[in-house]
Amino acid sequence: MSAIKLLLADDDQLLASLLDFRLKKAGYQVKVCTDGKSVKKYLETERPDIIVSDIMMPYFSGLEITDYVRNELKLSVPIIILSSAGNEENVLSAFKLGANDFLAKPVSPAELLLRLQKELARI
């Protein structure tokens, strides 16, 4: 089986590098994007197996990315949203737009790995 392609979109570079390290160690093929514009550019040519995206990012938010993936690209790829802005409104918006799961920051890499496995098992 080939490595699972995971798109990690987060402008917090410290967290992104920590998660990148843990995800690669777990066998994922990780592409890190630090803003919404680079996420859209990546999605023009690549189809990840799963997306992990922060809500607050430059150019396009994680909510806008979720909307783009679901309504413009028409992809059913699982999307897990991360956010320190864990207010109820953002969580509900993320789910309404088609996100599969939501994790509040600070993110536990072990919990993220479990949630990834759960989402990928549904595919």
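Above this note sits the structure.
Residues numbered from 1 in each chain as written. Predicted model: local features only at pLDDT ≥ 70, side-chain atom pairs only at ≥ 80, totals over all residues. Heavy atoms only, no water.

Q: So what exactly am I meant to see when it comes to unusual backbone geometry here?
A: With glycine set apart, most residues show a phi of negative sign, and most peptide bonds adopt trans. In this structure, the amide linkage connecting Lys-105 to the following residue, Pro-106, adopts the cis form with an omega of 0°. For Tyr-59, which is not a glycine, the phi torsion comes out positive at approximately 70°. Tracing the chain through its elements places Tyr-59 in the loop between β3 (50-54) and α3 (62-72). Assessed through its relative accessible area of 55%, Tyr-59 is described here as exposed. Positioned with a positive phi, Lys-74 is a non-glycine residue whose angle comes to about 55°. Mapped onto the elements, Lys-74 comes out in the loop between α3 and β4 (79-83). Judged by its relative accessible area of 62%, Lys-74 falls in the exposed class. (Helix = DSSP H or I, 4+ residues; strand = E, 2+ residues; numbered from the N terminus. Buried < 20%, exposed > 50% of the residue type's maximum accessible area, 1.4 Å probe, protein only.)

Q: Just checking my understanding: could you explain the pairing of β3 for this structure?
A: Counting buried positions along β3 gives 5 out of 5 residues, so the element sits mostly inside the fold. As defined by bridge partners, strand β1 (residues 5-9) adjoins β3 across 4 bridges and the pair is classed as parallel. Note that in β3 the partner of Leu-8 across the bridge is Val-52. Bridging between β3 and β4 involves 4 bridges; their strand directions are parallel. Each residue of the ladder has a partner; that of Val-52, found in β4, is Ile-80. Remark: the β3/α3/β4 crossover connection has right-handed handedness. (Pairing = 2+ DSSP bridges. Right-handed = clockwise from strand over helix to strand, strands pointing away.)

Q: How do you make sense of the nonpolar core when you look at a structure like this?
A: Among the nonpolar cores identified, the biggest contains 21 residues, and Leu-7, Val-39, Leu-43, Ile-51, Val-69 and Ile-81 are the most heavily contacted of them. Put simply, the parts of the chain that give this core at least two residues each are β1, α2 (36-45), α3, β4 and α4 (88-97). In terms of residue count, α3 provides more of this core than any other element does, 4 residues in total. Discounting chain neighbours no more than four positions away, the residues touching Ile-51 are Leu-7, Leu-43, Val-69, Val-77, Pro-78, Ile-79 and Ile-80. Judged by nonpolar contacts, the second largest core, of 18 residues, contains Leu-8, Ala-16, Tyr-28 and Val-52. (Core = buried A, V, L, I, M, F, W, Y, C linked by side-chain atoms within 4.5 Å. Contact = heavy atoms within 4.5 Å.)

Q: Which parts of the structure should I look at to understand the sheet that holds β1?
A: Sheet strands line up and pair through hydrogen bonds in the backbone, either parallel or antiparallel. Strand order in the open sheet formed by 5 strands is β2-β1-β3-β4-β5, and the pairing between neighbours is parallel. What marks the edges here is a single partner per strand, and that holds for β2 (29-33) and β5 (101-104). Put simply, the sheet's adjacent strands are angled 20° from each other on average, direction ignored. On the sheet, α2 packs against β1, β2 and β3 and is oriented at approximately 160° with respect to β1. Most of the contacts of α3 go to β4, to which it runs at about 170°, and overall it touches β3 and β4. (Axes fitted to C-alpha atoms, helices over the stretch in contact; angles between N-to-C directions.)

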